[in-house]
Amino acid sequence: MGYRYQAVLLFGAPGAGKGTQGSLLGQIPGYFHLSTGDMFRAMDKGSELGRVFFEYSSRGELVPDEITVDVWSRYAHALTVLNLYKPHQQLLVLDGLPRTVRQVDLIRDHVDVTCVIHLYAKDREKMVQRLRGRALKEKRMDDAKEEVVRNRLDVYERETRPVLDRFDKSLVHDVDAIGSPGAVLAKILSVVTPIQESRFGNALT
Ligand code: ADP
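The present account deals with the structure reproduced in this document.

Cut-offs used in this document
Residues numbered from 1 in each chain as written. Predicted model: local features only at pLDDT ≥ 70, side-chain atom pairs only at ≥ 80, totals over all residues. Heavy atoms only, no water. Salt bridge = Lys/Arg side-chain N within 4 Å of Asp/Glu carboxyl O. Helix = DSSP H or I, 4+ residues; strand = E, 2+ residues; numbered from the N terminus. Buried < 20%, exposed > 50% of the residue type's maximum accessible area, 1.4 Å probe, protein only. Pairing = 2+ DSSP bridges. Axes fitted to C-alpha atoms, helices over the stretch in contact; angles between N-to-C directions. Contact = heavy atoms within 4.5 Å. Core = buried A, V, L, I, M, F, W, Y, C linked by side-chain atoms within 4.5 Å. Near = heavy atom within 4 Å. Polar contact = N/O pair within 3.5 Å; in protein donor to acceptor, adjacent residues only side chain to side chain. Areas by Shrake-Rupley, 256 points an atom, 1.4 Å probe, with all protein chains shown as cover. Nonpolar A, V, L, I, M, F, W, Y, C, P; charged D, E, K, R; others polar.

1. Some words on the pattern of salt bridges
Throughout the structure, instances matching the rule amount to 14 salt bridges. Taking the shortest distance from any N to any O, the salt bridge between Arg132 and Glu146 comes out at 3.0 Å. Note that Arg132 is positioned in helix H6 (residues 124-138) and Glu146 in helix H8 (residues 146-160), a separation of 14 residues in sequence. For Arg132, a relative accessible area of 41% corresponds to the partly exposed category. Connected through shared salt-bridge partners, Glu125, Arg132, Glu146 and Arg150 make up one network.

Right, here's the structure in full:
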């Protein structure tokens, strides 16, 4: 097995704040944020892959596992070649992958999961509200329709939540997702800072 990307997984239902927290973490030296949702949305809508993505995401469904992991692994590799993501100096903040048990197996050879941040909210309606707000702000098709949002939350419960059981309990940290971005970030940092430092040292020295 070759070098595996050292990663922290941001895990949680749609609307839990993975993207917000991931981009905050990504601004700190020693971290690199990679979101599979952003990766898919950046694809040319007229290309074959762009069409596949649209076909699934507009219904609130997941892109098939093999396609997702294949695109992601090529994308991550390209980022290393361009020296944007530096696997030997940065902890990878993986947002949106793995989302199925099958994806856990498919990425195992590429990724060393150092910890899992499970962003959770007791109140499902709060998540739906957040997604509604995002639909207006970011013009996201998949957030605009109530039924698509509800389907994404169902897909999360059915296909993604079981992923948590595939990791050793000692790796999984439950973080309450309700609160200001700074407050949630502080809780995440208290978990990931020691990991980032022990693996990579001080990123600025
Ligand atoms: P959210 O977490 O709010 O659902 P994302 O931006 O993470 O939004 O993902 C948007 C869409 O991209 C998903 O609904 C799905 O169609 C697709 N997608 C993202 N990550 C994956 C993945 N790991 N496997 C399959 N599909 C994915």
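2. Notes on the sheet that holds strand S5 (residues 172-176)
Backbone hydrogen bonds hold the strands of a sheet together, and the pairing may be parallel or antiparallel. In space, the five strands of this open sheet follow the order S2-S3-S1-S4-S5, with parallel pairing throughout. Strands with a single pairing partner mark the edges of an open sheet, and in this sheet they are strand S2 (31-35) and S5. Between one strand axis and the next, the sheet turns through 25° on average, direction left out of account. Lying over the sheet, helix H1 (residues 18-26) contacts strand S1 (5-12), S2, strand S3 (91-95) and strand S4 (111-120), oriented at roughly 150° with respect to S2. Sitting on the sheet, helix H4 (residues 65-81) is in contact with S1, S2, S3 and S4, with an inclination near 145° to S2.

3. Brief notes about the nonpolar core
Core analysis: the largest hydrophobic core is formed by 35 residues, its most contacted members being Leu34, Trp72, Leu92, Leu94, Val111, Val116 and Phe167. Ranked by residue count, the leading element in this core is H4, at five residues. Those residues in contact with Phe167 that sit more than four places away from it in its chain are Leu9, Pro98, Val104, Val113, Val116 and Val172. If you look at the next biggest cluster of nonpolar residues, it comprises 20 residues, including Leu10, Leu119, Val184 and Phe200.

4. Concerning the site of the ligand
The environment of the ligand is formed by 20 residues, the closest being Thr36, Glu61, Gly96, Arg99 and Arg134. In the environment of the ligand, a nitrogen atom lies 2.7 Å from a nitrogen or oxygen atom belonging to the backbone of Gly96. Between the ligand and Arg152 there is a distance of 2.9 Å, counted from an oxygen atom to a side-chain nitrogen or oxygen. Taken by itself the ligand offers 550 Å² of open surface, and the protein chains cover 97% of this. Those elements that place two or more of their residues in the shell around the ligand are helix H2 (36-41) and helix H3 (48-57). In terms of residue count, H2 provides more of the shell around the ligand than any other element does, four residues in total. Tallied by class, the residues present in the shell around the ligand amount to six nonpolar, six polar and eight charged.

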